[in-house]
Amino acid sequence: MGRRWRDGRGALVVHGERGDVSVPLEIAASYRARTKGLLGRDAVDGAMLLTPAGGVHTFRMRIPIDVAYLDRRLNVIAVHTMRPGRLGLPRLRARHVLEAEAGAMAGWGVRVGTRVSVESG
């Protein structure tokens, strides 16, 4: 979509079978924010969007996380749960990555083919 986000907060809207689900979102768009990501956290309130990003790792993480890879139109192209100490393979079409506490994305209806949108602010 060509949009460029800035570090900050907003809302992730999941447009799924259950209707629209809004989730608190932290946006990590700068190199520094993407590098830090969820490191050092014991819990996640909502989700984190890493943009631009095509892959992630969970080295030095304390908790397992759900990872959703998004294409440039914010369609989910893959979803995985990763334990700490793992390296996720990069996805060729991925332009953004969503991270959340393990199990959260299934509850929000995030799966392959789901479309999401971001409301920043």
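Rules used throughout
- Residues numbered from 1 in each chain as written.
- Predicted model: local features only at pLDDT ≥ 70, side-chain atom pairs only at ≥ 80, totals over all residues.
- Heavy atoms only, no water.
- Pairing = 2+ DSSP bridges.
- Helix = DSSP H or I, 4+ residues; strand = E, 2+ residues; numbered from the N terminus.
- Salt bridge = Lys/Arg side-chain N within 4 Å of Asp/Glu carboxyl O.
- Phe/Tyr/Trp six-rings, centres within 6.5 Å; stacked < 30°, edge-to-face > 60°.
- Lys NZ or Arg CZ within 6 Å of the ring centre and 35° of its normal.
- Axes fitted to C-alpha atoms, helices over the stretch in contact; angles between N-to-C directions.

K.L.:
Pulling in residues and values, what's your account of the pairing of strand S5 (residues 76-82)?
P.N.:
Of the strand pairs in this sheet, strand S4 (residues 65-70) and S5 are connected by six bridges, and their pairing is antiparallel. Directly across from Ile65, in S5, lies its bridge partner Met82. Connecting the antiparallel pair S4 and S5 is a turn made up of five residues, with Leu74 showing a positive phi of about 65 degrees.

K.L.:
An account of the pattern of salt bridges is needed here, citing residue identities and associated values.
P.N.:
Inspection of the entire model under this criterion finds four salt bridges. As a salt-bridge pair, Glu26 and Arg9 come within 3.9 Å of each other at their nearest N and O atoms. With Glu26 in strand S2 (residues 19-28) and Arg9 in strand S1 (residues 8-16), the pair connects residues that are 17 residues apart, well separated along the chain.

K.L.:
Break down the packing of aromatic side chains for me, citing the residues and quoting the values.
P.N.:
Here the structure, examined in full by the defined rule, presents zero aromatic pairs. A cation sits over an aromatic face here: Arg91 above Tyr69, 4.9 Å from the ring centre.

K.L.:
Would you mind going over the sheet that holds S5 in detail, with residue names and values included?
P.N.:
The strand order across the open sheet built from seven strands is S5-S4-S6-S3-S2-S1-S7, with neighbouring strands paired in mixed fashion. The open sheet has two edge strands with one neighbour each: S5 and strand S7 (115-120). Adjacent strand axes in the sheet meet at a mean angle of 30 degrees when their direction is disregarded. Relative to strand S3 (residues 47-50), S2 runs parallel, the two sharing four bridges. Residue pairing across strands places Glu26 opposite Met48, the latter belonging to S3.

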